[in-house]
Amino acid sequence: MKFKAVKGTRDFYPDVMRLRNYIVDAWRRVSLRNGFEEYDAPIFEYLDLFTIKSGDEIAEQLFHFTDRGGRRLAIRPEITPSLARMVAAKINTLPRPIKWFSVPRLCRAENPQKGRLREFFQWNVDIIGVDGIQADVECIFTAVDFLREVKLTADDACVRIGCRPLTVASLEMAGMPEDKIEAALALLDKRPKVTAEVFIKLATAAGLDEKQLAAACALQDCKSIKEIQELMDGRENIAGILDDLRELMKRLEQMGIGDYCQLDMSIVRGLAYYTGVVYEVFDRKQSLRAVAGGGRYDKLLEIVGGPAASATGFGMGDVVLGILLDEKGKLPEDVLAGMLDFFVIDGEDGTFEKVLEVVAALRTRGYAADYSFKRQNIGKQMREANRRGARLAMIIKKEQQGDQPEEFTASLKNLLTGEQRDGISITDFLNQPTLIP
RNA sequence: GUGGCUGUAGCUCAGUUGGCCAGAGCAUCGCGUUGUGGUCGCGAGGGUCGCGGGUUCGAGCCCCGUCAGCCACCCCA
């Protein structure tokens, strides 16, 4: 074969496409029932839209090109800058609250590895223009609502919640210079993933004071708000932050998802622009990278050249999620195999035209119905019905009584149980929905 | 971008110290006597052994390169 799928990309054959659709459909369903509206943006944007937020180095991680008009463009590696751009353009006319979601296809020019490809889908859920923690609660609830929707229990996955301002405060209290805080946060984000020795090495390499870092490390190890409070010793400037965090956890509990959520101050997130609560969804065993991540990013709209507007939200990729669902055996039967409601069979000569009528009628009524292209014996057609994953096989027969015009009847066989009913009048069957199993 | 491991049919793999025509299971398709699937039996299709070069009388097996996959680093929006 001369051509294959490009490095880090996937071909979606029907069996894989079923999985993708299962995930994307659930994302949409859950978003809508949580009151979010869908938006989308172009698949490529001006390169600058992405570099302004993340720096020029990011260009190396992007698929970018120059068009014939000399415009420097890039395929989107994320949709948040586009969201910021769209919201900024109409900020004064958009109805509030702005609760939006999207399922963009994204590309990043990174080296593929487990759970990470060059092309993927990512569910984005954001609330813009709401300052209070209730917006964060909404996003976290939506994430958990999805986990439940795809049958991931609190034993399978959890949301670990951290708080950027507290970490920053602990660094400030320890005397960390302001210009070093960003680097310190980046390093703290890595702490759970590296050994103590490596952490110290990285710290000295970044020119960070160990003692100052230690204060934040102590905070990271706190398991409860009470512990944090004791550690931070009731400093005034953090009282409000602590109250917010306490209230956030309480509301998550009230909304019935407390078992999925745990405070974890080691969650910092790599990105510079987070300004409040941050969180990541992990599989409990934590054998995979994060399934989702997000938090509050109140400055981003301004950075992208828009008005000042607070924002919070998260992203969830399809790749890690797909691996997790597969590993946990959570994929429904009809995702693993195709599903058909009816497979209609011509049971004897002269019934094929009736088959077409019945198939058409079933389809019109919303059932997935199909039939064999080959006119062959019932056994072969039954086998095809089975292969196609049909729930029911319907065999059309002809009955003639005396001089009466011939009448068609059907035998209906449940292919899962083997149960069969015969002599069903086709007219009655199609007219009475109750007869349809 | 860097490093390690791997690369034989759609999938999972066998393939003896390099030696005649490259194998199995699963999957796919066909057949199993005018007829009710899944099980079972028989059969077929499908591979220039990732690709390119080299060593050799001879390479799936050895060497080099390249591409891809996996894993780790960088990064993680």
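Nothing here was measured: the structure is a model prediction, and the numbers come from that model. (Residues numbered from 1 in each chain as written. Chains lettered and ligands numbered in written order. Predicted model: local features only at pLDDT ≥ 70, side-chain atom pairs only at ≥ 80, totals over all residues. Heavy atoms only, no water.)

Got a sec to walk through the pattern of salt bridges? Specific residues and values, please.
Tallied over the entire structure, the rule returns 27 salt bridges. A salt bridge links Arg 10 to Asp 318; the nearest nitrogen and oxygen atoms lie 2.9 Å apart. Here Asp 318 lies in helix H12 (residues 318-327) and Arg 10 lies in the segment before helix H1 (14-33), a separation of 308 residues in the sequence. A relative accessible area of 7% means that Asp 318 is categorised as buried. Glu 138 is the partner of Lys 99 in a salt bridge, and the nearest nitrogen-oxygen pair spans 2.7 Å. With Lys 99 in strand E5 (residues 98-102) and Glu 138 in helix H4 (residues 133-149), the pair connects residues that are 39 residues apart, well separated along the chain. For the pair Lys 99 and Glu 138, one class covers both residues: buried. Taken together, the shared-partner salt bridges connect Arg 29, Arg 33, Asp 145 and Glu 149 into one network. (Salt bridge = Lys/Arg side-chain N within 4 Å of Asp/Glu carboxyl O. Helix = DSSP H or I, 4+ residues; strand = E, 2+ residues; numbered from the N terminus. Buried < 20%, exposed > 50% of the residue type's maximum accessible area, 1.4 Å probe, protein only.)

Break down a negative patch on the surface for me, citing the residues and quoting the values.
Together, Glu 348, Asp 349, Glu 399, Glu 407 and Asp 428 make up a region of like negative charge exposed at the surface. As for its position among the elements, Glu 348 is in the loop between strand E13 (340-346) and helix H14 (352-364). (Patch = residues over 30% accessible without salt bridge, like charges linked within 9 Å, V, L, I, M, F, W, Y side chains within 5 Å. Areas by Shrake-Rupley, 256 points an atom, 1.4 Å probe, with all protein chains shown as cover. Lys, Arg positive; Asp, Glu negative; His and termini not counted. Charge placed at Lys NZ, Arg CZ, Asp CG, Glu CD.)

Quick rundown of the packing of aromatic side chains? Include the residues and the values.
This model, assessed by the stated rule, comprises 14 aromatic pairs. The interplanar angle of 45 degrees and the centroid separation of 6.3 Å between the aromatic rings of Trp 27 and Phe 146 together place this pair among those described as tilted. Of the two residues, Trp 27 sits in helix H1 while Phe 146 sits in helix H4, which places them 119 residues apart along the sequence. Of the two residues, Trp 27 and Phe 146, neither departs from the other in class, the shared state being buried. Three or more aromatic residues joined by ring pairs make a cluster, and in this case those are Trp 27, Trp 123, Phe 146, Tyr 279 and Phe 314. Sitting above the plane of the Phe 12 ring, Arg 20 keeps its charged end 4.6 Å from the centroid. In this structure, Lys 99 is placed above the aromatic ring of Phe 36, and the distance from its NZ or CZ to the ring centre is 4.7 Å. (Phe/Tyr/Trp six-rings, centres within 6.5 Å; stacked < 30°, edge-to-face > 60°. Lys NZ or Arg CZ within 6 Å of the ring centre and 35° of its normal.)

Please set out the protein's contact with RNA strand B residue by residue, giving values where relevant.
Taken together, 35 residues surround RNA strand B, and among them Lys 114, Arg 116, Leu 271, Lys 374 and Asn 377 come closest. Gln 61 is positioned with one of its side-chain polar atoms (N or O) 3.0 Å from a sugar or linking oxygen of RNA strand B. Contact between RNA strand B and Lys 413: a base nitrogen at 3.2 Å from a side-chain N or O atom of the residue. Mapped onto the surface near RNA strand B, the elements with two or more residues apiece are helix H15 (378-387) and strand E15 (390-399). Of all the elements, H15 adds the most residues to the surface near RNA strand B, at seven residues. Looking at the surface near RNA strand B residue by residue, the class counts come to nine nonpolar, 11 polar and 15 charged. (Near = heavy atom within 4 Å. Polar contact = N/O pair within 3.5 Å; in protein donor to acceptor, adjacent residues only side chain to side chain. Nonpolar A, V, L, I, M, F, W, Y, C, P; charged D, E, K, R; others polar.)

Provide a residue-level description of the nonpolar core, including the pertinent values.
The biggest cluster of nonpolar side chains holds 63 residues, and the ones touching the most others in it are Trp 27, Trp 123, Phe 146, Ile 161 and Leu 166. The greatest single-element share of this core, amounting to 10 residues, is contributed by H4. Apart from the residues lying within four places of it in its own chain, the contact partners of Phe 146 are Ile 23, Ala 26, Trp 27, Val 30, Trp 123, Met 316 and Leu 321. (Core = buried A, V, L, I, M, F, W, Y, C linked by side-chain atoms within 4.5 Å. Contact = heavy atoms within 4.5 Å.)

Residues and numbers for H15, please.
The set of residues buried in H15 consists of Gln 381, Met 382, Glu 384 and Ala 385. The buried residues of H15 all sit within an arc of 160 degrees when viewed along its axis, so they share a single face. More than 90 degrees from the buried face of H15, the exposed residues found are Arg 383, Asn 386 and Arg 387. In this fold, the buried residues of H15 make contact with E13, strand E14 (369-371), E15 and strand E16 (407-414). (Arc of directions from axis to C-beta.)

Hey, could you go over the packing of helix H5 (residues 164-173) against helix H8 (residues 210-220) for me, with residue numbers and the actual values?
Packing of H5 against H8 leaves a shortest axis separation of 8 Å and a crossing angle of 145 degrees. The element H5 and its partner H8 pack so that their crossing is right-handed. The residues of H8 that touch H5, namely those facing Leu 166, Thr 167, Ser 170 and Leu 171, are Gln 212, Leu 213, Ala 215, Ala 216 and Leu 219. Here the contact of H5 with H8 is composed, by residue class, of six nonpolar, three polar and no charged. (Axes fitted to C-alpha atoms, helices over the stretch in contact; angles between N-to-C directions. Left-handed = near helix turned anticlockwise from the far one by under 90°.)

Can you lay out H14 for me, pointing to particular residues and giving the numbers?
Relative to the 18 Å expected for 13 residues at 1.5 Å per residue, H14 spans 18 Å between its end C-alpha atoms, a close match to the ideal helical length. Buried within H14 we find Lys 354, Val 355, Val 358, Val 359, Ala 361 and Leu 362. Take H14 and look down its axis: the buried residues cluster within an arc of 165 degrees, on one side only. Relative to its buried face, H14 has exposed residues pointing more than 90 degrees away, namely Glu 353 and Thr 364. Where the residues of H14 are buried, they touch E13, E14, E15, E16 and helix H16 (426-431). Positioned one or two residues after H14, Gly 366 has a phi angle of 95 degrees, which is positive. (Expected span 1.5 Å × (residues − 1).)

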